[in-house]
Amino acid sequence: MRRISVFGATGSIGGNTLDLVARRPDDFAVVVLTGGHNIAGLAELARRHRPELVVTAHEDRLGDLRAALDGTGLACAAGAGAIAEAASRPADWVMSGIVGAAGLPPGLEALKQGATLALANKESLVCAGPLLMATARENRAIVLPVDSEHSAVFQALIGEDLAAVERVIITASGGAFRDWPLERMRAATPEQASSHPNWDMGQRITIDSASLFNKALELIETHEYFGIEPHRIEALIHPESMIHAMVGFNDGALMAHIGPPDMRHAIGFALNHPERRHLPVERLDFAALGQFSFRAPDETRYPALRLAREVMEAGGLAGAIFNAAKETALDAFIAHRIGFMQMAEVVEETLVKLSSTGLGNAVMTLDMVLDADRRARDCASSVVNQL
Ligand SMILES: NC(=O)C1=CN([C@@H]2O[C@H](COP(=O)(O)OP(=O)(O)OC[C@H]3O[C@@H](n4cnc5c(N)ncnc54)[C@H](OP(=O)(O)O)[C@@H]3O)[C@@H](O)[C@H]2O)C=CC1
Ligand SMILES: CC(=O)[C@@H](O)[C@H](O)COP(=O)(O)O
Ligand SMILES: [Mn+2]
C-alpha cells in the first residue's frame, strides 16, 4: 500500500489524481489532502478518501473546515505554514497540484522527507529550478514531471542519452484566441480567455494558455528540469493538442509522444512509475482523426515567449521575478484592471526594473526566492497602477 498526499486536491489536477486513486482503493492510503477556498469540495474529498490530515491554505477558513468535517473524526489545519508542515509528513508519493508560487514550499518539504514529487506545479521549477533539483538530489528523492509536455519528453527520453538530444519541441494549443486577429485580442475579456479549446483546467492556466505565458513557463520548465540548453527548446502551435512533445536526436530521429488531451495519462504515468499500467484514457483512432496541423508561434502576438528566452539567459532569480510578475498581471487582468496584451507589458517592465536582482555567486535558497517573489509582486503592482 503506497502512502500518497495530494496538494491542490480541490483543483483540476487534484481531481484527476483522486479519480485514478479511487479506482484502486487497495493500492493507496491517502495521507494529506489540501485545498484553498473550496471548503465544501475539500470536505467531500476527505469523507471519500479518509486522509490523516486535511488542510486549507486559508487560516480564516479553519472554522469552516472544522464544521464541514464535523462527525468524520478527521484532523484538520489551516494556513500556508500548515500546508508546508503537512508536506513533511511521511508519504511515498506527493502530488504537487497547487497553482502558483505557493506550491514551492510544500514541494521542497516533500522532497526533504524523501517522497517522490509528482510535479504539476511548473511554477516551482520556474521560480527555483536549481533549488528544487538540488533538494531532490540531496535527499535522494525523485521529481517526476506531470505537465503533459514534460511527461512526454521524459517518456521520449527513457533509455536515451541526453547528450544525443538536438532539440526538444513542446507543443501549444494556441489557446482561446489562436485564430483571433491581434487587435481583437487586445480587447479580450477574462471570461473569453477562460475557455480552453482542448483541455479542462483551472482558470489561471487556461488564461495563460491563451497568452502563451503557459508555454513561456514551460520553456523554462524544460530547461530547468532536463538541463537542456535554451536554444534547443522550441514551442510549436499544434491546435489538436494530441502530440504533446517531440524530442529530436543527433541522428535526425524524432520521438513524438501522442495521446488524447487527458491529464490522467501524465498523472497516471507518474503514479505508476517505474511501471506502466492500464489507464482509463481514450485510445486514438488516427484514421478518424485524419490529420494533425502545426504553425510557428508569432512572437508579436505572444511576447511571453521572447520574455521566457530572456529569463533563461539571465538565470538566477529572473524566473522567480518573471513568475511573480506574471501572477500579479494575471490577477489584474482577471479583475478587469488591465487588458489581455498588457499582461506582457507588466511582466516586461518588472523584469527591466528588477534586472539587478541577481544571485551573484550565491547558492539559491528559499528565502532568496521568496524575497525576489515579494519584490516582483510589489513592483508589478505599481506598474499595473500606472497603466
Ligand atoms: N489543470 C491541468 O490540466 C494542468 C495543470 N498544471 C499545473 O498544475 C497546477 C494546478 O493547476 P490546476 O489544477 O489547473 O489549478 P486549479 O485552479 O484547478 O487548482 C488549484 C488548486 O490549488 C489550490 N490553491 C489555490 N491557491 C492556493 C494557495 N495560495 N495555497 C494553497 N493552495 C492553493 C486550489 O484550492 P481551491 O480551489 O480550493 O481554492 C486548488 O486546490 C498549476 O501549477 C498548473 O500550471 C500543469 C499541467 C496541466
Ligand atoms: C495539459 C497541460 O499540460 C497544459 O499545460 C496544456 O499544455 C495547456 O495547453 P496549451 O498547450 O494551450 O498551453
Ligand atoms: Mn503543459
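What counts, and where the lines are drawn
- Residues numbered from 1 in each chain as written.
- Chains lettered and ligands numbered in written order.
- Predicted model: local features only at pLDDT ≥ 70, side-chain atom pairs only at ≥ 80, totals over all residues.
- UniProt positions renumbered as here; feature names shortened; annotations may be inferred.
- Helix = DSSP H or I, 4+ residues; strand = E, 2+ residues; numbered from the N terminus.
- Rg over C-alpha atoms; globule rule 2.2 N^0.38 Å.
- Buried ≥ 20, exposed ≤ 12 C-beta atoms within 10 Å, placed from the backbone.
- Contact = placed C-beta atoms within 7 Å.
- Expected span 1.5 Å × (residues − 1).
- Near = placed C-beta within 6 Å.
- Nonpolar A, V, L, I, M, F, W, Y, C, P; charged D, E, K, R; others polar.
- Domains from an automatic or database assignment.
- Core = buried A, V, L, I, M, F, W, Y, C linked by C-beta atoms within 7 Å.
- Pairing = 2+ DSSP bridges.
- Axes fitted to C-alpha atoms, helices over the stretch in contact; angles between N-to-C directions.
- Parallel < 35°, antiparallel > 145°, perpendicular 65-115°, else oblique.

If you look the chain up in an unreviewed UniProt entry, it shows as 1-deoxy-D-xylulose 5-phosphate reductoisomerase from Palleronia pontilimi. Looking at the Function (unreviewed entry) heading of the UniProt record, one finds this comment for the chain: "Catalyzes the NADPH-dependent rearrangement and reduction of 1-deoxy-D-xylulose-5-phosphate (DXP) to 2-C-methyl-D-erythritol 4-phosphate (MEP)."

Draft legend 1. Region of the structure containing the overall build of the chain. For the chain, the helix and strand inventory stands at 17 helices and 11 strands. In terms of overall size, the chain behaves like a compact globule, its C-alpha atoms giving a radius of gyration of 20 Å where 387 residues would be expected to give roughly 21 Å. Principal-axis analysis of the C-alpha atoms gives the chain an extent of 55 × 50 × 45 Å. When the 387 residues of the chain are sorted by exposure, 48% land in the buried category. Put simply, 67% of the contacts in the chain that link residues at least 6 apart link residues at least 24 apart.

Draft legend 2. Spotlight on the UniProt feature "binding site: NADPH" (unreviewed entry) in the chain. Those places that UniProt annotates as "binding site: NADPH" (unreviewed entry) correspond, in this numbering, to Thr 10, Gly 11, Ser 12, Ile 13, Gly 36, Asn 38, Asn 121, Glu 123 and Gly 202. Accessibility expressed as a C-beta count within 10 Å gives 19 for Ser 12, which makes it partly exposed. Ignoring sequence-local partners within four residues, the contact set of Ser 12 consists of Asp 200, Met 201 and Gly 202. Following the sequence through the fold, Asn 121 ends up in the loop between strand E6 (116–119) and helix H6 (122–138). Contact partners of Asn 121, with chain neighbours within four places excluded, come to Ser 96, Gly 97, Ile 98, Gly 103 and Gly 107.

Draft legend 3. How the structure looks around helix H14 (residues 303–314). Between its first and last C-alpha atoms H14 spans 17 Å; for 12 residues at 1.5 Å apiece the expected length is 16 Å, and the two agree. Buried positions along H14 lie against helix H10 (203–211), helix H11 (213–226), strand E9 (233–237), helix H15 (318–334) and helix H16 (342–353). Two residues or fewer past H14, Gly 315 is found with a positive phi of approximately 65°.

Draft legend 4. Molecular detail of the UniProt feature "domain: 1-deoxy-D-xylulose 5-phosphate reductoisomerase C-terminal" (unreviewed entry) in the chain. Feature annotation in UniProt assigns "domain: 1-deoxy-D-xylulose 5-phosphate reductoisomerase C-terminal" (unreviewed entry) to the following positions: residues 143–226. Between the end C-alpha atoms of residues 143–226 the distance is 11 Å, and the span holds 49% helix and 13% strand.

Draft legend 5. Up close: the site of ligand 1. In the region of ligand 1, 30 residues are neighbours, and Gly 11, Gly 36, Asn 38, Met 201 and Gly 202 sit closest. Mapped onto the shell around ligand 1, the elements with two or more residues apiece are helix H1 (12–22), H6 and H10. Ranked by residues supplied to the shell around ligand 1, first place goes to H1 with three residues. Partitioned by chemical class, the residues of the shell around ligand 1 number 12 nonpolar, 14 polar and four charged. Counting residues domain by domain, the shell around ligand 1 receives three or more from each of domain 1 (2–145) and domain 2 (150–260 + 295–386).

Draft legend 6. Quick peek at the domain arrangement of the chain. According to the domain assignment, the chain consists of domain 1 (2–145) and domain 2 (150–260 + 295–386). In this structure, domain 1 and domain 2 have C-alpha centres spaced 24 Å apart. With 18 residues of domain 1 at the interface, the matching set in domain 2 holds 25 residues. For the side of domain 1 that touches domain 2, the secondary structure elements donating two or more residues are helix H5 (104–112) and H6. Sort the elements by how many residues they give to the side of domain 1 that touches domain 2 and H6 lands first, with nine residues.

Draft legend 7. Inspection of the nonpolar core at higher detail. The biggest cluster of nonpolar side chains holds 122 residues, and the ones touching the most others in it are Val 94, Ala 118, Ile 321, Ala 325 and Ala 329. The element best represented in this core is H15, accounting for 10 residues. A domain-level breakdown of this core finds at least three residues from each of domain 1 (2–145) and domain 2 (150–260 + 295–386). When neighbours within four sequence positions are excluded, Ile 321 is seen to be in contact with Thr 350, Leu 351, Leu 354, Thr 357, Ala 372 and Ala 376.

Draft legend 8. Up close: the sheet that holds strand E5 (residues 93–96). The seven strands lie next to each other as E4-E3-E2-E1-E5-E6-E7, forming an open sheet whose pairing is parallel. Whereas interior strands pair on both sides, the edge strands pair on one side only; in this sheet they are strand E4 (75–78) and strand E7 (143–145). Direction aside, the axes of adjacent strands within the sheet are offset by 20° on average. The pairing of E6 with E7 spans three bridges and is parallel. Within the sheet, the bridge partner assigned to Leu 117 lies in E7 and is Val 143. Sheet strands in contact with H1 are strand E1 (2–7), strand E2 (28–35) and E5, and its direction is about 155° off that of E1. Lying over the sheet, H5 contacts E1, E5 and E6, oriented at roughly 150° with respect to E6.

Draft legend 9. Representation of the packing of H14 against H15 in the model. Across the interface, H14 lies against H15 with an axial gap of 8 Å and an inter-helix angle of 150°. When the axes of H14 and H15 are compared, the pair comes out roughly antiparallel. Residues Leu 307, Val 311 and Ala 314 of H14 form the contact with H15, whose own contacting residues are Ala 318, Gly 319 and Phe 322. Partitioned by chemical class, the residues of the contact of H14 with H15 number five nonpolar, one polar and no charged.

Draft legend 10. Molecular detail of the packing of H6 against helix H17 (residues 366–386). Packing of H6 against H17 brings their axes to within 10 Å, and their N-to-C directions diverge by 170°. Between H6 and H17, the crossing angle belongs to the class labelled roughly antiparallel. Packed against H6, whose contacting residues are Cys 127, Ala 128 and Leu 131, the element H17 presents Leu 366, Val 369 and Asp 373 at the interface. For the contact of H6 with H17, the residue count by class is five nonpolar, no polar and one charged.

Draft legend 11. Representation of the environment of Asp 262. Its place among the elements puts Asp 262 in the loop between strand E11 (254–258) and helix H12 (264–272). Since 18 C-beta atoms lie within 10 Å of it, Asp 262 is described here as partly exposed. When sequence neighbours within four positions are dropped, the list of residues in contact with Asp 262 reads Val 281 and Glu 282.

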